[in-house]
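For reference, the chains in residue letters:
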Amino acid sequence: MRLKTPTMACAAALAAFALTCGGCRTPAGDPADGALAVPEAYGGAGAEAVDAAALSAFIESPGLDALLRKAFADNPGLSQAAARLEQAAAAARAGGADVYPQVSAEGKAARGKTVSTAGASAGQAVTSSLYNLGLAASYELDLWGRIGAADRAGRRDAEAAEADWRAARVTLAAQMAEAWFGLAAQRETIELLTAQAAAAAENLRLVELRYRGGLESVLAVLQQREQVAAAEALLPGAKTAAEMLRHQLAVLAGLPPSAALLTEPQSMFAAPVPVFDLGIPAELLTARPDVRAALIRVRAADERVAAAVAARLPAIRLSGSAGYATSTIEELFDTSIWNLAGSLAEPLIDGGRKRAEVDRSKAVRDERLARAEEVLLTAVREVEDAWSGERGQRETAELAAKRRDAARVAHEQARSRYGKGLSDYLVTLISQDRLRVAERELVAARRQLMAYRIQLWRALGAPGLERAVSPPVDGGRAGLREGSKNDE
């Protein structure tokens, strides 16, 4: 027996011919390039500026960067986004298979009994065998670009899934940063409350000494005891809030709530932001992964409109097979067979199904275009809101610091005058209470300033995140790269 290679190459020749028949592809339009109404500039934010380096400096805070790397590797929510990315990449690869000819190997063995109807054996039962072995290929010429458009739509879906994955990273980083600096502020609050309770206890000791010496009334003692109790009563709540923030950080990092953190913040970052051009809203089209994802989905929907339109046009399909057939397995490779066929399918009456699919695809594209515009406008609003909040809160924090300093001086003067017998204890008590309130309000103001700064950083697309905290795992992007080979 010998293999007849020219015969076996017939199916391969069909595949090579099909690859050269690209057809008349009509590229889809790109509605996302000109249909979005992008504001030319920010409103109130346009008059000032922010330093991107200073804005993103907090992400490199000692300990936070390490915790973020842990979260990027183990956070369940981010793992879900990575899995969705892999699903989209695999679906894109599967959908792109129609771009190539489909070739399959076939083997068949059959044996049957029939009744002959002609010749000398007419009316007699005849037993026969048939053995087949060969290749079969089929291909649809993409005359109108339907297959190519569907392939590009699938790859756009994969690109949008990658943008979703990056948006999930930004959201996770912002959540962890807010919890991290919230914990730092809570630790400062605990230290402050502890110091205030200790100072109140010291004042109580002095008032009791004066009371025993007949220099103070029992009312002053009772009032100071109330001050000590009030300061101590705030500590349990502050410690509980700190513990909850630790739980939140642990879960965001993919750890059990009670697990010990890799490290804890030492101080709260609240430095002023130097001057830097805030940019224009159009930059959010590339800086914000959620905006990019919305735009990519518009392009995917437009490709599907093109595919739906092309599906209403005639389709040409080629098919072929080559191989061997014989009635005895010993002679299988002695008799070769082949077949080439082409077909033309023209949709005539389908009850309006394909026209309805075109209308549906256009409606989906219009919906996604409106969604992209909504996402963009929301992104611009978030930038302006965060920037306005950051500016206002920066001023609030500065005024709170001045109030604290003034309250401290006033309390020192009140204590001095009280010690010299120049004023009663009520004045000291009032100044003491005002100082404690001012100290707590300053910590709260700085914490809110940091929250607005993180919101602004997130609204601008998390500048510096990729540089400061590189992803520890591929996150499913290898699947996307494989799915993008059809672009090459």
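Computed from a predicted model, the values in this text were never measured in an experiment.

Trainee: Describe the layout of surface pockets, and please don't skip the residues or the numbers.
Mentor: By volume, the largest pocket amounts to about 290 Å³. Taken together, 15 residues form the lining of the largest pocket, with Arg288, Glu382, Gln455, Arg458 and Ala459 sitting closest to its centre. Elements with a minimum of two residues in the lining of the largest pocket: helix 5 (146–212), helix 8 (289–310), helix 9 (353–419) and helix 10 (425–459). Grouping the amino acids of the lining of the largest pocket by side-chain chemistry returns six nonpolar, three polar and six charged. By volume, the second largest pocket amounts to about 230 Å³. Forming the boundary of the second largest pocket are 14 residues, of which Asp290, Ala294, Arg297, Arg371 and Val375 lie nearest the centre. For the lining of the second largest pocket, the secondary structure elements donating two or more residues are helix 5, helix 8 and helix 9.

Trainee: Help me get a handle on the pairing of strand 1 (residues 102–115), residues and values and all.
Mentor: Burial within strand 1 is sparse, with just zero of its 14 residues counted as buried. Bridge count between strand 1 and strand 2 (residues 125–141): 14 bridges; the pairing is antiparallel. Across the sheet, residue Gly107 finds its bridge partner in strand 2, namely Leu133.

Trainee: Could you give an account of the environment of Glu439, with specific residues and numbers?
Mentor: Structurally, the position occupied by Glu439 is in helix 10. Under the relative-accessibility criterion, Glu439 is labelled buried at 14%. Taking the C-alpha atoms as reference, Glu439 lies 9.5 Å from Gln196; in sequence the two are 243 residues apart. Not counting the four nearest positions on each side in its chain, Glu439 is found in contact with Leu192, Gln196, Arg404 and Arg408.

Trainee: Could you give an account of the packing of aromatic side chains, naming the residues involved and the relevant values?
Mentor: Tallied over the full model, the rule gives zero aromatic pairs. Over the ring of Phe72 we find Arg169; its NZ or CZ atom is 4.2 Å from the centre of that ring. The ring of Trp165 is capped by Arg169, whose NZ or CZ atom sits 5.3 Å from the centre of that ring.

Trainee: Tell me about the packing of helix 6 (residues 218–252) against helix 10, and please be specific about residues and values.
Mentor: Following both chains from N to C, one finds helix 6 and helix 10 inclined at 10°, their axes separated by 10 Å at the closest point. Here helix 6 is positioned roughly parallel relative to helix 10, judged by the angle of their axes. Seen from helix 6, the contacting residues are Ala220, Gln223, Gln224, Gln227, Leu234 and Leu245; seen from helix 10, they are Tyr425, Leu429, Gln432, Asp433, Arg436, Arg440 and Arg447. Partitioning the contact of helix 6 with helix 10 into residue classes produces five nonpolar, four polar and four charged.

Trainee: Give me the sheet that holds strand 3 (residues 315–326): which residues, what numbers.
Mentor: The strand order across the open sheet built from four strands is 1-2-3-4, with neighbouring strands paired in antiparallel fashion. Edge positions in the sheet fall to strand 1 and strand 4 (336–345), since each has one partner strand and no second. Strand-to-strand, the axes of this sheet are offset by a mean angle of 25°, without reference to chain direction.

Trainee: Please provide a residue-by-residue account of the packing of helix 5 against helix 6, values included.
Mentor: Contact geometry of helix 5 with helix 6 gives a least axis separation of 8 Å together with a crossing angle of 160°. As judged from the angle between their axes, helix 5 and helix 6 are roughly antiparallel. The two elements helix 5 and helix 6 cross, and the hand of that crossing is left-handed. Taken together, the residues that form the contact of helix 5 with helix 6 break down as 26 nonpolar, 10 polar and five charged.

Rules behind the numbers
- Residues numbered from 1 in each chain as written.
- Predicted model: local features only at pLDDT ≥ 70, side-chain atom pairs only at ≥ 80, totals over all residues.
- Heavy atoms only, no water.
- 1 Å grid on protein atoms, 1.4 Å probe; cavity = no way out; pocket = protein on both sides within 12 Å on 5 of 7 lines; lining within 4 Å.
- Points joined across faces, edges and corners; volume = space filled by probe spheres on them.
- Helix = DSSP H or I, 4+ residues; strand = E, 2+ residues; numbered from the N terminus.
- Nonpolar A, V, L, I, M, F, W, Y, C, P; charged D, E, K, R; others polar.
- Buried < 20%, exposed > 50% of the residue type's maximum accessible area, 1.4 Å probe, protein only.
- Pairing = 2+ DSSP bridges.
- Contact = heavy atoms within 4.5 Å.
- Phe/Tyr/Trp six-rings, centres within 6.5 Å; stacked < 30°, edge-to-face > 60°.
- Lys NZ or Arg CZ within 6 Å of the ring centre and 35° of its normal.
- Axes fitted to C-alpha atoms, helices over the stretch in contact; angles between N-to-C directions.
- Parallel < 35°, antiparallel > 145°, perpendicular 65-115°, else oblique.
- Left-handed = near helix turned anticlockwise from the far one by under 90°.

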